[in-house]
Each structure stands twice: as structure tokens, then as C-alpha cells.
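Listed here are the chains, written in short residue letters.
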Amino acid sequence: MSEKQCNTEDIKKAADILINAHHAIAFTGAGISTESGIPDFRGPQGLWKQYSPELASIDYFLQHPKEFWLFYRMRMSTLFAAKPNRAHYAVAELEKMGIIKAVITQNVDGLHQAAGSSNVIELHGTMRRAVCLACGRTYPMDVVIKKIDSGQIPPLCDECGGILKPDTVLFGEPVKDFDRARELALMSDAVLVIGSSLSVYPAAYVPIFVKEMGGKVIIINMEPTELDYIADVIIQCKAGDAMTLLLKEIKDRLGIQ
Ligand code: NAD
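Report on the accompanying structure. Computed from a prediction, not measured in an experiment: that's the story for all the values here.

The next point concerns the sheet that holds strand β5 (residues 138-140). Strand order in the open sheet made by the three strands is β5-β4-β6, with antiparallel pairing throughout. At either margin of the open sheet sits one strand with a lone partner, and together these are β5 and β6 (164-168). Recorded for the sheet is a direction-independent mean angle of 40° between the axes of neighbouring strands. Judged from the four bridges that link them, strand β4 (residues 125-132) and β6 form a sheet pairing that is antiparallel. Bridge pairing in β6 places Val-131 opposite Lys-165. The strands that helix α3 (residues 65-81) touches are β4 and β6; relative to β4, the one it contacts most, it runs at about 145°. Where helix α6 (residues 141-149) meets the sheet, its contacts fall on β4, β5 and β6, and the angle it forms with β5 comes to roughly 85°.

Around the ligand, the surrounding shell holds 28 residues, and the nearest of these are Arg-42, Gln-106, Asp-109, His-124 and Ser-197. Contact between the ligand and Val-108: an oxygen atom at 2.8 Å from a main-chain N or O atom of the residue. Taking Ser-196, its side chain carries an N or O atom lying 2.7 Å from an oxygen atom of the ligand. Considering the ligand on its own, with 860 Å² of exposed area, one finds that the protein chains cover 97% of that surface. In the shell around the ligand, the residues fall into nine nonpolar, twelve polar and seven charged. Each of domain 1 (1-37 + 84-124 + 175-257) and domain 2 (39-81 + 128-168) accounts for three or more of the residues forming the shell around the ligand.

Turning next to the packing of aromatic side chains. This structure, assessed with the given rule, holds seven aromatic pairs. An angle of 90° between the planes, with centres 4.9 Å apart, marks the rings of Phe-61 and Phe-68 as edge-to-face. Exposure remark for Phe-61: the relative accessible area of 1% places this residue in the buried category. Taking the centre distance of 6.0 Å and the plane angle of 75° together, the rings of Trp-69 and Tyr-72 count as edge-to-face. Placement of the pair is Trp-69 and Tyr-72 together in helix α3, with a separation of three residues, close to one helical turn. One aromatic cluster is present, formed by Phe-61, Phe-68, Trp-69 and Tyr-72 through successive ring pairs.

Another point: the state of the cysteines. Applying the stated rule across the entire model yields one disulfide. Put simply, Cys-6 and Cys-237 are joined by a disulfide, and their sulfur atoms are 2.1 Å apart. Its torsion about the S-S bond being 100°, the disulfide of Cys-6 and Cys-237 is classed as right-handed. Of the two residues, Cys-6 is situated in the segment before α1 (8-20) and Cys-237 in the loop between β9 (233-235) and α9 (239-254); the sequence distance between them amounts to 231 residues. For Cys-237, a relative accessible area of 2% puts it in the buried group.

A pair can form between side chains of opposite charge whenever their charged atoms are brought close. Tallied over the entire structure, the rule returns 16 salt bridges. Ionic pairing is found between Arg-86 and Asp-241, a salt bridge with its closest N-O pair at 2.7 Å. Taken together, the residues Arg-86 in helix α4 (residues 86-96) and Asp-241 in helix α9 connect sequence positions 155 residues apart. A residue is classified by how much of its surface remains accessible, and Arg-86, at 42% relative accessible area, is partly exposed.

Our focus in this paragraph is the packing of α3 against α6. The interhelical angle for the contact between α3 and α6, taken along N-to-C directions, is 130°, at an axis separation of 11 Å. On the basis of the axis angle, α3 is oblique to α6. The hand of the α3/α6 crossing is left-handed. Here Trp-69, Arg-73, Met-76 and Phe-80 of α3 come into contact with α6, specifically with Met-141, Val-144, Ile-145, Ile-148 and Asp-149. Among the residues forming the contact of α3 with α6, the class breakdown is seven nonpolar, no polar and two charged.

Rules used throughout
Residues numbered from 1 in each chain as written. Predicted model: local features only at pLDDT ≥ 70, side-chain atom pairs only at ≥ 80, totals over all residues. Heavy atoms only, no water. Pairing = 2+ DSSP bridges. Helix = DSSP H or I, 4+ residues; strand = E, 2+ residues; numbered from the N terminus. Axes fitted to C-alpha atoms, helices over the stretch in contact; angles between N-to-C directions. Contact = heavy atoms within 4.5 Å. Near = heavy atom within 4 Å. Polar contact = N/O pair within 3.5 Å; in protein donor to acceptor, adjacent residues only side chain to side chain. Areas by Shrake-Rupley, 256 points an atom, 1.4 Å probe, with all protein chains shown as cover. Nonpolar A, V, L, I, M, F, W, Y, C, P; charged D, E, K, R; others polar. Domains from an automatic or database assignment. Phe/Tyr/Trp six-rings, centres within 6.5 Å; stacked < 30°, edge-to-face > 60°. Buried < 20%, exposed > 50% of the residue type's maximum accessible area, 1.4 Å probe, protein only. Disulfide = S-S within 2.5 Å. Salt bridge = Lys/Arg side-chain N within 4 Å of Asp/Glu carboxyl O. Parallel < 35°, antiparallel > 145°, perpendicular 65-115°, else oblique. Left-handed = near helix turned anticlockwise from the far one by under 90°.

Right, here's the structure in full:
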């Protein structure tokens, strides 16, 4: 796929919106992390081009925990090696500047926090932790990886012997912290959407709530999304390029080095 250049006029419009907003938030998806080497689900190199989405469902986990964990173990190798990219760092800097108040993410990779964002809502949980389905005890993922690599598949709880599950939201499970996300969206007058196909609900309600309350919607995505029709500005290029240009435009206008 040929890479599109970011449109400068769109970057300027997005900067206008964010500078004038009283309460702006970022809403991110797997597309912000592809430049860190983590494949998304539905993009051109997405995981679902290779695997069936059924693999990420709670039903599949409960029926085939061993196969599930073997698939996950493979994904985790990529995930733990990944570092934040320019887009994650730009989001974190916009938060430090007070332009963005919070990040609501569908990602489970922890890269926003690694880049320095502090107010992060992880709607789909985190891959950095596993939870016992029987007693609820949580384990850091490196402890769980050791269990798997020493042959305990699926990994089990030391306390009660229950099966451990990644603390991520699988298809068929409820999202986490949605009330907080909705509250934030309803009080926001702008949302900067980065790298999401906006096709997974209820997460995709976040930009819809902002729009319904009269706020502005900026969408940065390489391809069209399912909610382009509610966008005030669409920036169709790579997240790293778009966020670098947007951060520079905002800093130039505010006279920040
Ligand atoms: P998605 O795969 O449905 O959509 C990603 C979008 O990002 C696509 O439209 C693609 O065109 C775009 N994109 C890819 N690379 C880009 C780039 N460099 N710059 C700009 N746009 C880019 O992802 P989603 O909307 O987040 O929803 C699917 C689910 O994916 C979520 O539930 C999330 O939990 C899960 N997921 C997370 C990770 C992660 O944590 N990094 C990785 C894969 C999937």
C-alpha cells in the first residue's frame, strides 16, 4: 500500500480544535501501535488476515485454554519487545502540556504509560497481567510466562489451582472502566481518535458521545473508519507522521520549544 502524506491543512484544523478545546481527550486503537511493531486486527497487515477472531473469544479460551495460551505466548514475544513510538510520545507530551486530559485506549500493550501518559483508561484491559478465573488473584505477566515456558500450559494459580487468563477483555466479556470513559467523553469538547477502525463497541461510543454533546471529532487513521461521517477533521496518514506534525503545529502556535 502506498503511504499517504499528511495533509497540512487538516493538521492546522486539528491544532485549532485542540488549542481551543477546554477538555480534550485522546481515544486510541491498535493502529497507534503498529509503528512499534505490534500488528493491529483489521488493518492491511492485521492479525485477522492470518488468524480467526474466534481465537480472542472467552468461549475459545474456556474450551481450549492450552491452545489459547500457546497463541498468546507467541503474541507476547512481539508485545514485550515493543517500545512506544512517536505517536505515543506525542500523546504523552500533549497531556503534559494540558492539551489532552486523558487517554482512553482499546490497546492492551501498555505503551501509552511507557511513553509517559499518566491518565490512561484501558477499556480492554492489559496484557501485562493475568488473573485467576477462580479466586481473582492477579499475577504479573513475566511470572506467568515463566510458568508457561516451564511447561505449565495453561498456567495455574499458586493459591487455588484455578486457570489463569490474561487480564484482557476477550470477545464476549464486558469492557472495563466504561462508566469512567463515558463520563470523560460526555464532559469533553474534543476527541483525538488515533489508529482505530472504530468498529468495536462499546469502545467506539466514546467519539459518538463527544459528538452528541456538541464536541469536535478528529480522526487520524491510514484508512477510512466506520465513523468518518461524524468527524470534523480526518487526517489520513500514518499516526507517527500525523502526531509529530500536530504536536509541532501546536507548540509553534503556543510558542513552546
Ligand atoms: P483495528 O485493528 O480494528 O483498527 C486499526 C486501525 O488502525 C485500522 O483502521 C488501520 O488502518 C489503522 N492503522 C494501522 N496502522 C496505522 C498507522 N501506522 N497509522 C494510522 N492508522 C493505522 O483496531 P481497534 O480499532 O483498536 O480495535 C480492535 C481491537 O484490537 C481492540 O479491541 C484492541 O483491544 C485490539 N488490539 C490491540 C492491540 C494492542 O494493544 N496494540 C493490537 C491488536 C489488537
